[in-house]
Amino acid sequence: DVSGELVITSLGGFSHLMVPVLTEFQHQYPDLIVRYLTGERLFRLEYGEAHVAIRAGSPPDQPDNVVQPFFKQAHTLYASDAYIARYGLPKSEAEFAQHYFVGADDPKNRAPFNQWLRDTAPVERITFRSQDVHAQRRAIMDGAGIGFLSCVLARDIGGLTEVMPPRDEWAAPLWIVTHMDLHRTTKVQAFLGFLKERAKAWELA
């Protein structure tokens, strides 16, 4: 029976992909209550805090969890039409000192593309900083600076230009994590099948 609560957790930056999937899944199962939890905190599946977690980075290694590779979320630097009209585009990394950038506020942010930006661009040129990925995205769209976005999101937004091609080391591997006690339940299996099918459209040609 696919009813009751379905609790899904992911980083907030993944919500632009997850919310349409969850909405469509709920249309198929109108008795379902969807709870979508986002944030930096690691929700504990073994304590029943969520049915399904989408996690980024290294493969999760908590005991009693079922971990499945999901897909690699490609990222690269983008500039908005507004930014390009005002400042143009850098022809290479050597010109980064003449440009402005949007980045994470935390210098210890573990995302590989954030680390690369801090190592490559002069730190004083990262002039808009936030830990809120939605604020970063809006700042890039509004022309505050050049910044990293997922390629899928940038394609959906429009009005953005790739500053350089995506690099494999900037990609964020994503994992689907479930607890072994809930993995085989009808509700979780129905959602996992639905999610994997919809995620095929996220892969860029």
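Structure: see above.
Rules and cut-offs
- Positions within a chain are numbered from 1, following the residues in the order the chain's sequence is written.
- Where local features are concerned, this predicted model is filtered to residues with pLDDT of at least 70; where side-chain atom pairs are given and counted, the filter is 80 or more; whole-chain, interface and lining totals use all residues.
- Hydrogens and water are ignored here; the side-chain numbers use all heavy atoms of the structure.
- A run of H or I in DSSP counts as a helix once it spans at least four residues, and a run of E counts as a strand once it spans at least two, with each numbered from the N terminus.
- An expected span of 1.5 Å times one less than the residue number is assigned to each helix.
- The rule is simple: take the accessible area with a 1.4 Å probe, protein chains only, and divide by the maximum for that residue type; under 20% is buried, over 50% is exposed, in between is partly exposed.
- Two residues qualify as a contact provided that any one of their heavy atoms is within 4.5 Å of a heavy atom in the partner residue.
- We call a set of buried Ala, Val, Leu, Ile, Met, Phe, Trp, Tyr and Cys residues a nonpolar core when their side-chain atoms join them within 4.5 Å.
- Two strands make a pair as long as DSSP finds a minimum of two bridges between them.
- Inter-axis angles, ranging from 0 to 180 degrees, are taken between N-to-C directions of lines fitted to C-alpha atoms, where helices are fitted over the stretch in contact.
- Distance and chemistry together define a polar contact, namely a pair of N or O atoms within 3.5 Å, with one atom able to donate a hydrogen and the other to accept it when in protein, and with adjacent residues in sequence counting only for side-chain atoms on both sides.
- We call Phe, Tyr and Trp rings a pair once their centres come within 6.5 Å, taking the six-membered ring for Trp, and we label the pair stacked below 30 degrees between planes, edge-to-face above 60, and tilted otherwise.
- Whether a charge lies above a ring is judged from NZ of Lys or CZ of Arg, which has to be within 6 Å of the ring centre and within 35 degrees of the ring normal.

(A) Just helix α6 (residues 186-199), in detail. The terminal C-alpha atoms of α6, which comprises 14 residues, lie 20 Å apart, in line with the 20 Å expected from a rise of 1.5 Å per residue. Every buried residue of α6 is accounted for by K187, V188, F191, L192, F194, L195 and A199. Looking at the packing, one finds that the buried side of α6 touches β1 (4-10), α1 (15-28), β2 (32-38), β3 (52-56), β4 (65-73) and β10 (172-179).

(B) Looking closely at the nonpolar core. In terms of nonpolar packing, the biggest core is built from 24 residues, with F14, M18, F70, F191, L195 and W202 touching the most fellow members. For this core, the secondary-structure elements that each account for two or more residues are β1, α1, β3, β4, β10 and α6. Per-element tally for this core: the top contributor is α6, with six residues. Setting aside anything within four residues of it in sequence, one finds L195 in contact with M18, V21, I54, F70, I176 and W202. Listed in part, the 16 residues of the second largest apolar core include F96, F113, I126 and I146.

(C) Structural view of the sheet that holds β1. Sheet architecture is open: five strands sit in the order β2-β1-β3-β10-β4, paired in mixed fashion. Unpaired on one side and paired on the other, β2 and β4 mark the two borders of the sheet. Pairs of neighbouring strands in the sheet enclose a mean axial angle of 20 degrees, with direction left out of account. In this structure, β4 lies alongside β10, joined through seven bridges in antiparallel fashion. Looking across to β10, one finds that V66 is bridged to T178. Against the sheet, α1 makes contact with β1, β2, β3 and β4, and its axis sits at roughly 170 degrees relative to β2, the strand it touches most.

(D) Region of the structure containing the environment of E93. Relative to the elements of secondary structure, E93 occurs in the loop between α2 (81-87) and β6 (101-103). Residues E93 and M164 lie 71 residues apart in sequence; the distance between their C-alpha atoms is 9.6 Å. Once you skip the residues sitting within four places of it in the chain, E93 turns out to touch W116, T120, M164 and R167. For E93, the side chain forms a polar contact with the side chain of R167, separated by 2.9 Å.

(E) The arrangement of the packing of aromatic side chains in detail. Enumeration over the complete set of coordinates arrives at 14 aromatic pairs. Each ring, one from F25 and one from F191, has its centre 5.3 Å from the other, and the planes form 75 degrees; the classification is edge-to-face. Of the two residues, F25 is situated in helix α1 and F191 in helix α6; the sequence distance between them amounts to 166 residues. Here F191 falls in the buried class, since its relative accessible area comes to 0%. A ring pair is formed by F70 and F71, whose centres lie 5.4 Å apart and whose planes are at 90 degrees; its orientation type is edge-to-face. With respect to class, F70 is no different from F71; both count as buried. The rings of F96, F101, F113, W116, F148 and W170 are connected pair by pair, giving a single aromatic cluster. Directly above the ring of Y100 sits R125, whose terminal nitrogen or CZ lies 4.3 Å from the centroid.

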